[in-house]
Amino acid sequence: MELLSVPWSLLSSCCNNVTLLGIFLTAFVLLFDFMKRRKTWTRYPPGPSSIPFLGSMLHVDFQQPHVSFTQLSKKFGNIFSFQICWRNLVVLNGFEVIKEALINKSEDIADRPRLPLYEHLGICGKSAGMILARYGRAWKDLRKFSLSTLRNFGMGKKSLEERIIEEAGFLSSAFESEESRPFDPHFIINNAVSNVICSITFGDRFEYTDEKFQKLLHLFEESMKLATGFLPQMLNAVPSMMYLPGPHQKILQIPKQIIRILKEIVDEHKKIWDPANKKDFIDAFLGEIEKTKGDQETTFNELNLLFTTSDLFSAGTETTSTTLRWALLFMLLHPDIQSKVHEEIDQMIGRERKPVLGDQVNMPFTNAVIHESQRCGDIVPIGLPHMAYRDTEILGFFIPKGTVVVTNLSSVLKDETYWEKPHQFYPEHFLNAEGQFVKREAFLPFSAGRRVCLGEQLARMELFIFFTTLMQRFTFLIPENQPKPQLDPCFAVTSSPHPYQICAKLR
Ligand code: HEM
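Only a predicted model underlies this, so the values are computations on that prediction, with no experimental measurement involved.

## A short note on the overall build of the chain
From N to C terminus, the chain includes 17 helices and 10 strands. Its C-alpha atoms give the chain a radius of gyration of 25 Å, near enough to 23 Å, the size a compact globule of 507 residues would have. Across its three principal directions, the C-alpha atoms of the chain cover 90 × 55 × 45 Å. Out of the 507 residues in the chain, the part that is buried amounts to 39%. Pairs at least 24 residues apart make up 74% of the contacts formed inside the chain by residues separated by at least 6 positions.

Below, the structure is given as C-alpha cells:
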C-alpha cells in the first residue's frame with residue numbers, strides 16, 4: 001500500500017482535481033471502448049501470443065516469413081491473427097481462403113496500410129505512387145491511366161512485342177559473348193528486362209554498359225534488399241525511431257538517390273516535351289498533369305510521376321528477371337525437360353525464325369514449363385500487404401476495418417490439397433492427358449482482385465519471348481566440376497535463387 005501511495009501522492013501534488021477527473025473519464029471511456037470492441041471481435045481469428053511492444057514478431061523469421069506463416073497456419077488454422085508491435089494483422093493461407101478474400105471480398109481488402117517509413121520520402125496522400133497508394137480515387141485514377149498508357153505504348157500490342165523481341169536478341173547476344181564459359185546470368189537478364197520498362201517509361205533502351213543504367217539497376221536492387229527484414233517492420237511500427245541517428249538512416253538514402261536520378265530524366269523530358277507527340281509514359285503523365293491543373297483532388301503531380309515511375313521500374317524488373325533465373329535453373333536441374341522444350345521449339349518455330357507471342361498457343365509444353373517455373377519459383381511469396389477497407393468477414397472470421405491483411409500466396413502455389421506434386425517441378429500440373437495446356441485456378445503468382453499485378457500482361461509476354469528465344473539458341477549446362485545449384489531461395493521482397501553459374505552452349 002505504501003509503495004502504491006507514493007505515485008498517487010506525487011500525482012495529486014502535480015495535478016488539480018479537474019485534471020484527475022479528466023484522466024479518470026478518459027481511462028473509463030477507453031476501457032469501455034476496448035470492452036465493446038473485444039465484444040464485437042469475438043469472431044476475430046486466433047493467433048500466437050503477443051508480448052508488449054514487439055507483439056508476436058518473435059514468432060516470425062522475417063528472412064522467410066511465408067515459411068513461418070505456413071507453420072503457424074498448421075497450429076492456428078488458415079486464417080490467423082498476428083501483431084507487429086501494436087499493429088493488427090490477419091494472415092490468409094491456402095487456395096480456398098485466399099480465393100474467397102481476393103476475389104469475393106476484393107474491395108473489402110483493397111486498401112494498403114500506411115507505411116510511415118516511406119512517408120519520410122513524401123510517399124503519401126495524392127503522391128503515393130501506385131504500389132503503396134491507399135484505395136480510393138487517387139489510386140483508381142492512376143491505375144486506369146497507367147494501364148491504358150502501358151497499352152497505348154504497346155502493352156498487348158505489336159509495337160511492344162517487337163521491342164521485347166528486339167531486346168531478346170540483345171540478351172541472346174550477351175549470352176553468346178560468354179562463349180560457353182561459366183557465368184552468372186543474373187545481371188545480363190536484369191539488363192534486358194529493365195530495358196523493356198525503360199523503353200516504355202523513358203522512351204528508349206540503354207546499352208548494357210551504360211553507367212547511369214547500371215547505377216540505377218544497382219540502386220533498385222539495393223533498395224529491395226533494404227526493404228526486407230525486421231528493421232523496416234520496426235521503423236514502420238515505431239516511425240519516431242527515424243528521428244534518431246543510427247545505421248537505419250541508410251534505408252532511405254538509396255530511394256532518395258533513385259528519385260534524384262529519375263528527376264533528372266523527368267527534367268530532360270520536360271525540356272523537349274511536345275503535347276502532340278507523346279513518346280513514352282513520362283510524356284503521357286506530364287500531359288495528364290497539364291490536363292488536370294486546377295483539380296484539387298488530382299493525383300497527377302510531379303512528385304507522383306517520380307514515385308509511379310519508380311514503382312514501374314522496381315515492380316517490373318526484379319520480378320520478371322527473377323522468374324527467368326528460376327526457369328533457367330530448373331532447365332539446368334532437369335535436362336530431360338530442357339530437351340522436350342528444345343524439341344517443341346524445333347517443331348513449331350525452327351532454329352531461324354524469331355519466336356513471337358502467337359507461337360504460345362502452339363507450344364503447350366513450353367508454356368507449361370514457364371507456368372511451373374512461376375509456381376515453383378514462388379517469387380512474391382507473401383504478396384504485398386493489403387488492408388481492410390471496411391469491416392468484413394472472411395469464411396466466418398471478423399476482420400475489422402484497418403486490419404493489415406497478408407495473403408500468403410506461397411501457400412496457394414504450394415497448396416498440398418490442390419496440386420498433385422506441390423513441392424516438385426512438374427510441368428504436367430499445366431497439361432491435360434492429351435498434352436494440351438490447362439489453366440489452373442490456384443495459379444496466383446500475380447495475386448488477384450482489385451490490386452492484382454498491374455504488369456501481368458507485360459510480364460507474361462516477356463517471360464514467353466525471353467525464355468523461348470534463349471532456349472531456341474542455347475543448351476544450358478551446369479559448368480564442369482561445379483556442384484549442383486541449390487533450390488532453397490533467398491528472400492528480399494522477391495524470393496530468388498542463390499547466385500549460380502551457367503554454361504550457355506550454342507545449339
Ligand atoms: C513475373 C512477374 C511479376 C510478378 C510475379 C508480379 C507479382 C505481383 C504481385 C503478387 C503483386 C501484388 C498484388 C496484390 O497486392 O495483391 C503485384 C503488384 C504490382 N505489380 Fe507486379 N508482378 C510481376 C511483374 C510486374 C511488371 C512487369 C510490372 C510493371 C509494369 C508490375 C507492376 C506492378 C504494380 C504497379 C503493382 C501494384 C498494383 C496495385 O497496387 O494496384 N509487375 N505484382
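Back to the write-up after that little detour.
## What about the site of the ligand?
Around the ligand sit 24 residues, and of these Ala315, Gly316, Ser447, Cys453 and Gly455 come closest. Of all the secondary structure elements, the ones that give two or more residues to the shell around the ligand are helix 13 (302-333) and helix 17 (456-473). Class assignment of the residues belonging to the shell around the ligand gives a composition of 14 nonpolar, seven polar and three charged.

## Side note on the pairing of strand 2 (residues 87-92)
Burial analysis of strand 2 places five of its six residues in the buried class, the great majority of the element. Here strand 1 (residues 79-84) pairs with strand 2 via six bridges, running antiparallel. When the sheet's bridge partners are listed, Phe80 is paired in strand 2 with Val91. Counting the residues between successive antiparallel strands, the hairpin from strand 1 to strand 2 contains two residues, one of them, Cys85, with a positive phi of roughly 50°. Judged from the four bridges that link them, strand 2 and strand 6 (residues 404-407) form a sheet pairing that is parallel. By the bridge assignment, Leu89 is partnered in strand 6 with Val404.

## Some remarks on the UniProt feature "binding site: heme" (unreviewed entry) in the chain
Mapped onto this numbering, the UniProt entry gives "binding site: heme" (unreviewed entry) at Cys453. Residues within four places of Cys453 in sequence aside, it is in contact with Phe446 and Ser447.

## Section: the nonpolar core
If you look at the biggest cluster of nonpolar residues, it comprises 75 residues, and the most contacted ones within it are Ala327, Phe466 and Phe467. For this core, the element with the highest residue contribution is helix 13, accounting for 13 residues. Not counting chain neighbours up to four residues away, the residues in contact with Ala327 comprise Ile370, Ser373 and Phe467. By size, the runner-up hydrophobic cluster in this structure holds 30 residues, among which are Ile379, Ala388, Leu413 and Leu444.

## Details of helix 3 (residues 65-76)
Between its first and last C-alpha, helix 3 extends 16 Å over 12 residues, near the 16 Å set by a 1.5 Å rise per residue. Within the sequence span of helix 3, burial applies to Pro65, His66, Phe69 and Leu72. Down the axis of helix 3, the sector holding all buried residues measures 120°, keeping them to one side. Opposite the packed face of helix 3, turned more than 90 degrees from it, sit the exposed residues Lys74 and Lys75. Buried positions along helix 3 lie against strand 1, strand 2 and helix 16 (409-413).

## Regarding the environment of Val369
Mapping Val369 onto the fold places it in helix 15 (residues 364-377). Sequence separation of Val369 and Gly47 is 322 residues, and the distance between their C-alpha atoms is 37 Å. Setting aside its immediate chain neighbours within four residues, Val369 contacts Ile337, Val341 and Pro427.

## Points about the packing of helix 9 (residues 211-226) against helix 11 (residues 250-271)
In the contact formed by helix 9 and helix 11, the axes pass within 9 Å of each other and the chain directions differ by 150°. By the angle class used here, helix 9 and helix 11 are roughly antiparallel. Note that helix 9 runs across helix 11; the crossing there is left-handed. Along the contact surface, helix 9 presents Leu216, Leu219, Phe220, Glu222, Ser223 and Leu226, while helix 11 presents Ile251, Ile254, Pro255, Gln257, Ile258 and Ile261. Counted by class, the contact of helix 9 with helix 11 contains nine nonpolar, two polar and one charged residues.

## Considering the sheet that holds strand 1
An order of 1-2-6-3 is seen for the four strands of this open sheet, with the pairing classed as mixed. Every other strand in the sheet has two partners, leaving strand 1 and strand 3 (386-387) as the edge strands with one partner each.

## Thoughts on the pairing of strand 6
Inspection of the sheet shows strand 3 paired to strand 6 by two bridges, in the antiparallel sense. When the sheet's bridge partners are listed, Met387 is paired in strand 6 with Val404.

Basis of the calculations
Position labels on residues start from 1 in each chain and follow its written sequence. For this predicted model, a pLDDT threshold of at least 70 governs which residues receive local features, and a threshold of 80 or more governs which side-chain atom pairs are given and counted, while totals over whole chains, interfaces and linings are taken from all residues. Segments assigned H or I by DSSP are reported as helices when at least four residues long, segments assigned E as strands when at least two residues long, and all are numbered from the N terminus. Note that the radius of gyration is over C-alpha atoms, with the globule rule given as 2.2 Å times the number of residues to the power 0.38. Buried residues are those with 20 or more other C-beta atoms within 10 Å of their own C-beta, exposed residues have 12 or fewer, and partly exposed residues lie in between; C-beta atoms are placed from the backbone. In this description, a residue-residue contact is defined by the distance between C-beta atoms placed from the backbone, which must lie within 7 Å. Here, nearness is defined through the C-beta atom: a residue counts as near a molecule or strand if that backbone-placed atom lies within 6 Å of it. Polar here means any residue other than Ala, Val, Leu, Ile, Met, Phe, Trp, Tyr, Cys and Pro, which are nonpolar, and Asp, Glu, Lys and Arg, which are charged; Gly is therefore polar. At least two DSSP bridges between two strands are needed for those strands to be called paired. UniProt positions are given in the numbering used here, feature names are shortened, and annotations may be inferred rather than shown by experiment. Here, a nonpolar core means buried Ala, Val, Leu, Ile, Met, Phe, Trp, Tyr and Cys residues linked by C-beta atoms lying within 7 Å of one another. The span you would expect from a helix comes to 1.5 Å times its residue count less one. To obtain the arc, one takes the directions from the helix axis to the C-beta atoms. Helix axes are fitted only over the stretch in contact, all axes being lines through C-alpha atoms; the angle between N-to-C directions runs from 0 to 180 degrees. These descriptions rest on fixed angle ranges, namely under 35 degrees for roughly parallel, over 145 for roughly antiparallel, 65 to 115 for roughly perpendicular, and the rest for oblique. Left-handed is the label given to a crossing in which the near helix is rotated counterclockwise from the far helix by less than a right angle, and right-handed is the label when the rotation is clockwise.

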